[in-house]
There are 4 protein chains.
Amino acid sequence: MSIQRGRHFLQIPGPTNVPDRVLRALNRPTVDHRGPEFARLTRDLLEGLQQVCKTSGKIVIYPSSGTGAWEAAVVNTLSPGDKVLMFETGHFATMWRNLAVRLGLQVDFVPGDWRRGVDPAVVETQLAEDRGRAIKAIMVVHNETSTGVVSRVSEVRKAIDRVGHPALFMVDSISSLALTDYRHDEWGIDVTVGSSQKGLMLPPGLGFNAIGEKALATSKSARLPRSYWDWEAMMNANQTGFFPYTPSTNLLYGLKEAIEMIREEGLEKIFARHNRLAEATRRAVRAWGLEVNCLNPQEYSNSVTAVRAPEGQNADALRKLILERFNMSLGNGLGKLQGKVFRIGHMGDFNELMLAGTLSGVEMGLALAGAPFKKGGVQAAIDYLAGNE
Amino acid sequence: MSIQRGRHFLQIPGPTNVPDRVLRALNRPTVDHRGPEFARLTRDLLEGLQQVCKTSGKIVIYPSSGTGAWEAAVVNTLSPGDKVLMFETGHFATMWRNLAVRLGLQVDFVPGDWRRGVDPAVVETQLAEDRGRAIKAIMVVHNETSTGVVSRVSEVRKAIDRVGHPALFMVDSISSLALTDYRHDEWGIDVTVGSSQKGLMLPPGLGFNAIGEKALATSKSARLPRSYWDWEAMMNANQTGFFPYTPSTNLLYGLKEAIEMIREEGLEKIFARHNRLAEATRRAVRAWGLEVNCLNPQEYSNSVTAVRAPEGQNADALRKLILERFNMSLGNGLGKLQGKVFRIGHMGDFNELMLAGTLSGVEMGLALAGAPFKKGGVQAAIDYLAGNE
Amino acid sequence: MSIQRGRHFLQIPGPTNVPDRVLRALNRPTVDHRGPEFARLTRDLLEGLQQVCKTSGKIVIYPSSGTGAWEAAVVNTLSPGDKVLMFETGHFATMWRNLAVRLGLQVDFVPGDWRRGVDPAVVETQLAEDRGRAIKAIMVVHNETSTGVVSRVSEVRKAIDRVGHPALFMVDSISSLALTDYRHDEWGIDVTVGSSQKGLMLPPGLGFNAIGEKALATSKSARLPRSYWDWEAMMNANQTGFFPYTPSTNLLYGLKEAIEMIREEGLEKIFARHNRLAEATRRAVRAWGLEVNCLNPQEYSNSVTAVRAPEGQNADALRKLILERFNMSLGNGLGKLQGKVFRIGHMGDFNELMLAGTLSGVEMGLALAGAPFKKGGVQAAIDYLAGNE
Amino acid sequence: MSIQRGRHFLQIPGPTNVPDRVLRALNRPTVDHRGPEFARLTRDLLEGLQQVCKTSGKIVIYPSSGTGAWEAAVVNTLSPGDKVLMFETGHFATMWRNLAVRLGLQVDFVPGDWRRGVDPAVVETQLAEDRGRAIKAIMVVHNETSTGVVSRVSEVRKAIDRVGHPALFMVDSISSLALTDYRHDEWGIDVTVGSSQKGLMLPPGLGFNAIGEKALATSKSARLPRSYWDWEAMMNANQTGFFPYTPSTNLLYGLKEAIEMIREEGLEKIFARHNRLAEATRRAVRAWGLEVNCLNPQEYSNSVTAVRAPEGQNADALRKLILERFNMSLGNGLGKLQGKVFRIGHMGDFNELMLAGTLSGVEMGLALAGAPFKKGGVQAAIDYLAGNE
């Protein structure tokens, strides 16, 4: 690869472009994590994440990836051999399932085609059949980063309620939080799993849980062994503004700045911005004559669009060409979708012109790869963006 | 203006986007500018700028804008009342003229229409008529940032040589250096005027001169008062690696990094890259049915394209709309061109996708402004870029 | 607290002052953690940490605190109910014990007075008595950050060998690595536990394990549930330069720079530098008429000196006064030592003048607090430093 | 020089340590210097510098060193051949004199011994003798950075007033501003000359003038040629928030942050802080048995202490040893004082512990150099600082 000039376009679906403001915040000198300044920071952050999750419940923050926050949700609420209901919506749902299996749970994994979200009707049926109430938790990925499909979490909640099933409802909101409407309290989520490197516009390195009352109560008797992830130790220490072990001080500085940026723009405006950029992306895809991986328009993702590679094309070869020629990283197909899709991340600190550059890179890449496609995707996107405030 | 997210597109024709590497270099702790580490830095920088200017002559670097480097060129080589020949190629040539007049020179200012560069034939005629050799210097702006027109400096040199005129040849290379082919020694330039914030990819704050033997000799007898700009004091101090007064330490760190980046890519590749991006820009302009300000294809600028606003449109209103809606700054029309052109900077740390984003912002702005134009400029640009390595 | 100017003195025993070079590295734009550039980075880092740990074995790096790396060592090598031998050398040893208990291990915890390291003779006795070889692991904290006491790890190894006991030997090297002589392979360590925020001069957020052959073999049959911390998944992904989940990209950039700095200075010189600064600190403490918490000169810490507060003085009140008046953070007494000691961190990117400033802050604080002490500690330290290269 | 770890102590009397907050501000992306955001910035800065100078008059800011601001003061107010009164208080006063001579002024240069400030009685005598009012300006350096001597500017003003002399009073406040009490309006200063790299805590690269009504009026008829430095062009452009040529955008960001920091602490507290640190420094010097260069306690500098090297010692050899052994830069003796003094800068973002480290470096250096001195300077300083709030 020759020397590349100009800004790299990091259009993978996370980590996302870290805004300058956040980068500068990350760079502040590390302070004493047992001192008074730090205690104020902790309290601000917990309050800020409550707002972002729309909850008045507890928040815990880990020095970890999002995977760590998955594990935390599981080990704090469940016991060895517990049965849980999960859905094969894509690669990350499958990974979470694998984690649960490894930790000794018994997983009912509803198969899926990686192009649709969780079907609330299926949830209802499954739970209705569980007359013995053996299922202890229903675990759903809100936005499947690998497929660009959103599961309708609020409808899943209604399905659970219709059955009156007592299982915990745990949702991975890693790539939907601060990107797509999400309401921990109103939707009756018991545990929300989040991380830093998507809508929160930070580098990776922070995972967190938002925890409802019911989950908290359940955690008292949950018997999976836990220490690093233990909610109780974390919440106890947090009460005075501290952590039970050394927190990721500099990432927490960045989180404070990111929350401030989210407040300035406002969650509803953030959702609308992403919705608009995502729609422009899909119009480009269709204009190229390509196919959006997500089949159901109700389940389109605000954060990422997975595009089916044209017939006979290897999506990874296309990605490689685009990286080398145009200094842009696109997301690869994961698991079952390897080589079959490329994913365009359009989330976080992102705007119209960045998107236009991104889509231009894809269109030029398709042309240079000799792929069967129609020109005009970028034009369709900017026509939409210019016509639609 | 509402909250804007994502990266600002700084598409004015300088200051240009400062690359991350340079920003990080700027941020190093300030050191003693009279210490051994600094002396090494000074020597590296002088050598680096020699390479960039293609000269084996002297370099002096000022804590100043490019305007300061104009003044330095003048006060070191000329005496009160000296006659100089200048050309009205645009706003910056006019400003340089004004500076010369203020400092007490007598300026022959050849009028121009701000759409063409210096005509070598006119130079030849003017000099031929100067039988008394009263003209002490010919001063030309290589790339007129206000008009997007390049003057053919090497042909001007030939014109001077044909007449055998002894005047100094001083060239403003502020917005051409490290962007367009430029050869201080080979083209017989006596003084080159440069600054930091264009092809050198730095923030503004450094001006410099490259100085040929003849200019150096002339400076011994030049009588315009000077102190801050005095070459001799500067060169004497530089010999040991220091400066006669406090230099701009942190910008000099950035300059070292920028020179390193220029070496990595190579000047010829840098010129080719800019040529390609400039041509793509012009194709977009033509596809929109708009007019490039520069009339002569031999004089197209690698750095900036000035676009004539559509009939009946105020270019500044368009720029304002684009800034507010799409978070992009374009260059305004300066002097005679105020309101009549907008300028697209495409120089420095810049690449295809940044350009596609830039042009998309212009196309969407034109649409939203209700300007008479044809769609398809972005398409024309990316078709060119994808077809033409 | 009034406005404070000048640099904060962060003299807690970690996180330590992050050097400018590392801060700048942290600030690089996040790249695709599944791209080719990242794969090269991963390989460099694993190799670099091998050098730092003096091992040719495996390294795994987690997005976690050091506590996470403790948990990783445990869950990868042990099974529910396994018996392990640990030593109450201080707060962190106690915390590691608590973690082991929480995860379901049976811990033989040899009591201690928090002023001495692990006694190799006791290790020998305990292991000799374990005729059934029930003890599966011996877990030792090399440098007890809470007490400023180093346990003689190589002698513990010899004690184990004398008995010929097959237990794994796992060492927490969090606050000794790149600070004090440490040799994973030569000393026969099975698992080394490390983290980023001490000798590696990074912000907190990375934990790691160095893993010997025997530990690796044991991990195949270890039955504690694990997923996030699972070595095998990590090592498999690392083989191609990637991670099984999103790594802490920006901290990894910083790690690369830190390793480079460690290579430039050289481990032996780093150890000597810390030894010298630690000795100067102890001389100051003695000159003040105060007592170093560590009782055995063979067990003095290179990284941190815990100082017993003068009779009748609350160490935390003194720390508060010093923070408010002199903008310096000192480490507090932890656990049993709360209020009884203050800890002076002197590790990482640290030098003589920073130490002199630090000790001056302590001496002025003692004076202002009206504590019973003798002046002259700073003088003793600088006399030593000036006389002793 | 071997690898040095830990923070460099930059104790030259400017550039000073740039605080992290300012470094981060410098790092913001460059914006359009002709856009609305920039116009707001300009207005904030001009207002801020008025507060710092205690004036309601005009401020102009140049991309230049302080030397440029000297030149600006001269060329805007004087005409070729004008007579000015200056005082040989040290190296910088001599440099300013040289500049004035080079620009064609006739300088009455009152000789001095580089250990005392301007004598108000001498000013009075000289002006009284100037019956023809030929003297057009009195030019004084407030704090002589080369000698550590402050001239009593307000008393000089009174001396001028007693004579009723109409000459302009121009003061170089480069190393006193925001460090020592300074009142442009109240003290009847006509032009104040300042720069960025001392009390303003920025890297070098900005020079400025504060301009009183009388100076402004005089500038209308002043005939020294000027263009870059022309006040009128600058003030005209500033009215709309812009600059007549490209300003040093990123340094201006830093200036905004620095002014904010100055406001937070308050000028009077800043003066008191520097006074205290300077007094502690002098006590150290005396305890060492060395001599402060400044002879008159009324003229002690808050910013810098020049220390006479012990008999038979070369100050530069001592400085070199300290740089190599302790990673600290001290100021060298300039001009007549070369090799005879070393200068300890104690200004800007500076505090007690940084000073204690600084003085420890000097004391250790003296010891290692085998210089004749008494130990105990650091002790004297910290005793003072601990006893004296």
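Structural data are supplied above this passage.
Counting restarts for each chain: residues are numbered from 1 in the order of the written sequence. Chains carry letters from A onward and ligands carry numbers from 1 onward, assigned in written order. With pLDDT at 70 or above as the cut-off, local features in this predicted model cover only qualifying residues; side-chain atom pairs require 80 or more to be listed or tallied, and sums for whole chains, interfaces and linings still use all residues. Excluding hydrogens and water, the side-chain figures rest on all heavy atoms present in the structure.

**Focus: the relation of the copies chain A and chain D**
Here the copies are superposed with least squares, the fitted atoms being C-alpha atoms of residues at a pLDDT of at least 70 in both. Superposing chain A onto chain D requires a rotation of 180 degrees together with a translation of 0.0 Å along the rotation axis, leaving an RMSD of 0.0 Å. Such a combination of rotation and displacement between the chain copies is what one expects of a two-fold axis. When C-alpha distances to the rotation axis are compared across chain A, the minimum falls at Arg24(A), with a value of 3.0 Å. A share of 100% of interface residues in chain A that are also interface residues in chain D marks the association as one of identical surfaces. Residue contacts are counted whenever heavy atoms from the two residues lie within 4.5 Å of one another.

**Description of the relation of the copies chain C and chain A**
Rotating chain C by 180 degrees and moving it 0.0 Å along the rotation axis overlays it on chain A with an RMSD of 0.0 Å. A shared binding surface is used by both copies, with 100% of the interface residues of chain C retained as interface residues in chain A.

**Some details on the pattern of salt bridges**
The salt bridge definition used is simple: a Lys or Arg side-chain nitrogen within 4 Å of an Asp or Glu carboxyl oxygen. Under the definition given, this model contains 109 salt bridges over all chains. One salt bridge in this structure joins Lys375(B) and Asp383(A), with 3.0 Å as the shortest N-O distance. Linking Lys375(B) in the loop between α12 (352–368) and α13 (377–387) with Asp383(A) in helix α13 (residues 377–387), this pair reaches from one chain into another. Among the charged side chains, a network of salt bridges with common partners joins Arg5(A), Arg21(B), Glu257(B), Glu264(B), Glu265(B) and Arg273(B). Runs of H or I in DSSP of at least four residues are treated as helices and runs of E of at least two as strands, each being numbered from the N terminus.

**Topic: the interface of chain A and chain D**
Counting residues at the interface gives 5 residues for chain A, matched by 5 residues for chain D. At the boundary of chain A with chain D, the tally comes to 0 salt bridges. Each polar contact in these results corresponds to two N or O atoms within 3.5 Å; when the atoms are within protein, one needs to be able to donate a hydrogen and the other to accept it, and residues that are neighboring in sequence are counted only if both atoms are side-chain atoms. At the junction of chain A with chain D, the criterion picks out 0 residue pairs in polar contact (both at pLDDT 80 or more).

**Description of the packing of aromatic side chains**
Side-chain rings of Phe, Tyr and Trp (the six-membered ring for Trp) are treated as a pair once their centres are within 6.5 Å; stacked means planes under 30 degrees apart, edge-to-face means over 60, and tilted covers the remaining angles. Applying the stated criterion across every chain yields a total of 30 aromatic pairs over all chains. A ring pair is formed by Tyr182(A) and Trp187(A), whose centres lie 5.8 Å apart and whose planes are at 75 degrees; its orientation type is edge-to-face. By the burial criterion, Tyr182(A) is buried, and Trp187(A) matches it. Here the aromatic rings of Tyr228(A) and Tyr245(A) are separated by 4.5 Å at their centres, their planes lie at 10 degrees, and the arrangement is stacked. Remark: Tyr245(A) occurs in the loop between α8 (231–239) and α9 (249–265) and Tyr228(A) occurs in the loop between α7 (213–219) and α8; sequence separation between them is 17 residues. Residue classification places Tyr245(A) among the buried positions, given a relative accessible area of 8%. A positively charged side chain is recorded as over a ring if its NZ (Lys) or CZ (Arg) lies within 6 Å of the ring centre. The angle to the ring normal must also be within 35 degrees. Directly above the ring of Phe109(B) sits Arg97(B), whose terminal nitrogen or CZ lies 4.4 Å from the centroid. Exposure is judged per residue with a 1.4 Å probe applied to protein chains only, and the accessible area is read against the type maximum: over 50% gives exposed, under 20% gives buried, and values in between give partly exposed.

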